[in-house]
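Here are the chains, one letter per residue:
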Amino acid sequence: MTERMYLQDSMCLRTEARVIDCVPHGDGWRIELDRSVFFPNKGGQPCDVGTIADAVVSSCDEEGERLWHLCDRPLPVGVTVTAAIDGDRRFDIMQQHTGEHLLSWCAWTLLGATNVGFHCAMEYATLDLDRPVTHEQVLAIERLANREAAKNGAVTAVEYASEEELKNAGVVLRKHAEGLTAPIRVVSIEGSDACTCCAPHVRRTGEIGQLKIVGELPYKGGTRLTFLCGMRALMHAQRTQDAVDAIALKFSTGRDNAVVSVEKQFLELSETKREKNAALAALDGYLSKELQAQAEVIRKTAVLVASLPGIDGKRLRALAQKTQTNRSLTVLLSKTGETVQYVCSANGIPNDMGELCKAVNLLLGGKGGGRGTLAQGSAPIRGDFSESVEALRRYCGQIV
């Protein structure tokens with residue numbers, strides 16, 4: 001059994017230890033020590049990484065009472081080595097985990113909401129509450145958590161030999177994990193939270209730094225909060241400030257007026273788009289009549305195959321449908337950049353446009369489909385496009 005140094009001192013970053021087992025595992029080796037500073041993958045957070053002698057430790061996992069360190073090379077059993085973890089990584093994760101305790105206590109205190117899930121990745125952390133929470137309530141949780149952190153209260157871990165000893169100690173727990181075996185470890189924050197937990201934490205709440213909730217969304221009938229603590233929160237604030245400043249610069253305004261400027265431009269663009277769409281609709285009314293005049297009547301069917309440059313698929317489809325008569329077949333194509341869009345539309349004839357689209361796909365090397373009276377697709381520009389259009393015109397004349 002490995003003595004877990006992190007349970008008593010979260011700032012113990014290195015120790016002398018004896019190798020008690022070493023076995024091959026995948027492309028590396030699993031090493032067991034008689035004592036370790038490495039916290040494993042458990043409790044919703046990633047493990048510590050570091051070194052054991054000259055071996056690099058990329059992961060650490062707990063199996064029963066055994067603690068396995070995944071290393072890039074073997075070490076002789078019986079030798080005494082120095083085991084050391086990445087201190088910056090450990091401190092960052094401790095900030096997030098202690099911050100999660102404080103945020104959870106604030107949600108519990110303010111709203112009676114219970115934390116039912118926690119996950120800490122290397123870029124973000126999440127906690128899941130068992131009830132819906134409004135944005136205003138999220139802001140209240142965040143404010144209270146930062147006020148409590150600023151009190152710089154002590155964060156302590158105490159192990160109790162039994163449930164009875166814990167009960168006799170009079171500790172009021174926000175959360176008591178089920179199925180725990182003795183000793184029962186309780187992490188407490190001075191003046192606020194207490195709950196069972198197996199992970200390392202910072203020594204005082206001031207070490208958490210800023211707590212910032214950056215996301216909130218409904219999750220399994222409750223709410224999932226995404227949050228950042230310490231340097232993660234600072235870097236997020238810096239990135240956000242840089243983004244807002246860049247936007248403000250584009251509008252030649254100050255940071256405080258950036259949102260107003262964006263909203264104003266959004267309204268202007270919406271109105272411009274509406275006017276543009278109205279103008280295009282009117283233009284397409286005239287254009288569809290010109291296209292109808294170009295149609296060739298073959299066996300009492302108006303057959304139209306035409307190429308119109310720079311028209312997107314949605315507008316092309318509307319145009320094709322506007323050219324329809326009582327008995328007609330229309331294929332419109334439009335080159336935009338290195339791509340050609342095409343629409344097949346028919347009315348009053350038995351031809352299936354899905355089948356016609358397959359023929360166009362084959363001719364142009366494209367993809368698309370449909371059925372009945374409408375189909376559409378796209379293809380990369382290749383070869384002589386005008387020749388392809390002419391070949392398609394002849395083919396349509398043959399199938400009606």
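Our structure's up above, just so we're on the same page.
Let us look at the structure shown here. Not measured: the values here are computed from a predicted model. (Residues numbered from 1 in each chain as written. Predicted model: local features only at pLDDT ≥ 70, side-chain atom pairs only at ≥ 80, totals over all residues. Heavy atoms only, no water.)

## A word on the packing of helix α7 (residues 353-364) against helix α8 (residues 385-399)
Moving on, step 1. The geometry of α7 relative to α8 is characterised by a closest axis approach of 11 Å and an angle of 155° between their N-to-C directions. Our classification of the angle between α7 and α8 gives roughly antiparallel. Handedness of the α7/α8 crossing: right-handed. Residue-level contacts link Leu-356, Ala-359, Val-360, Leu-363 and Leu-364 of α7 to Ser-388, Leu-392, Tyr-395, Cys-396 and Ile-399 of α8.
Moving on, step 2. Classifying every residue of the contact of α7 with α8 by side-chain character gives nine nonpolar, one polar and no charged. (Axes fitted to C-alpha atoms, helices over the stretch in contact; angles between N-to-C directions. Helix = DSSP H or I, 4+ residues; strand = E, 2+ residues; numbered from the N terminus. Parallel < 35°, antiparallel > 145°, perpendicular 65-115°, else oblique. Left-handed = near helix turned anticlockwise from the far one by under 90°. Contact = heavy atoms within 4.5 Å. Nonpolar A, V, L, I, M, F, W, Y, C, P; charged D, E, K, R; others polar.)

## Let's talk about a positive patch on the surface
Moving on, step 1. A contiguous patch of positive charge on the surface is contributed by Lys-273, Lys-276, Lys-314 and Arg-317.
Moving on, step 2. Sorting the residues of the positive patch by element identifies α5 (258-294) and α6 (313-322) as the ones contributing at least two each.
Moving on, step 3. Its place among the elements puts Lys-314 in helix α6.
Moving on, step 4. In this structure Lys-314 comes out as exposed when scored by relative accessible area, which is 66%. (Patch = residues over 30% accessible without salt bridge, like charges linked within 9 Å, V, L, I, M, F, W, Y side chains within 5 Å. Areas by Shrake-Rupley, 256 points an atom, 1.4 Å probe, with all protein chains shown as cover. Salt bridge = Lys/Arg side-chain N within 4 Å of Asp/Glu carboxyl O. Lys, Arg positive; Asp, Glu negative; His and termini not counted. Charge placed at Lys NZ, Arg CZ, Asp CG, Glu CD. Buried < 20%, exposed > 50% of the residue type's maximum accessible area, 1.4 Å probe, protein only.)

## Description of the layout of surface pockets
Moving on, step 1. What the largest pocket holds in volume is close to 880 Å³.
Moving on, step 2. If you list the elements that add at least two residues to the lining of the largest pocket, you get β1 (3-4), α1 (87-111), β9 (115-120), β12 (184-189) and β13 (194-196).
Moving on, step 3. The residue makeup of the lining of the largest pocket, split by class, is 13 nonpolar, 12 polar and 10 charged.
Moving on, step 4. In this structure, the second largest pocket encloses a volume near 350 Å³.
Moving on, step 5. Residue lining of the second largest pocket: 13 residues in total, with Asn-277, Leu-280, Asp-312, Lys-314 and Arg-315 positioned closest to the centre.
Moving on, step 6. Among the elements that line the lining of the second largest pocket, the one with the most residues is α5, at six residues.
Moving on, step 7. Looking at the lining of the second largest pocket residue by residue, the classes come out as four nonpolar, two polar and seven charged. (1 Å grid on protein atoms, 1.4 Å probe; cavity = no way out; pocket = protein on both sides within 12 Å on 5 of 7 lines; lining within 4 Å. Points joined across faces, edges and corners; volume = space filled by probe spheres on them.)

## Side note on the sheet that holds strand β6 (residues 55-63)
Moving on, step 1. With respect to topology, six strands assemble into a closed barrel ordered β2-β3-β7-β6-β5-β8, the strand pairing being antiparallel. Each neighbouring strand pair of the sheet contributes to a mean axis angle of 45°, computed without reference to strand direction. (Pairing = 2+ DSSP bridges.)

Keep in mind that these numbers describe shape and distance, not what the molecule does.
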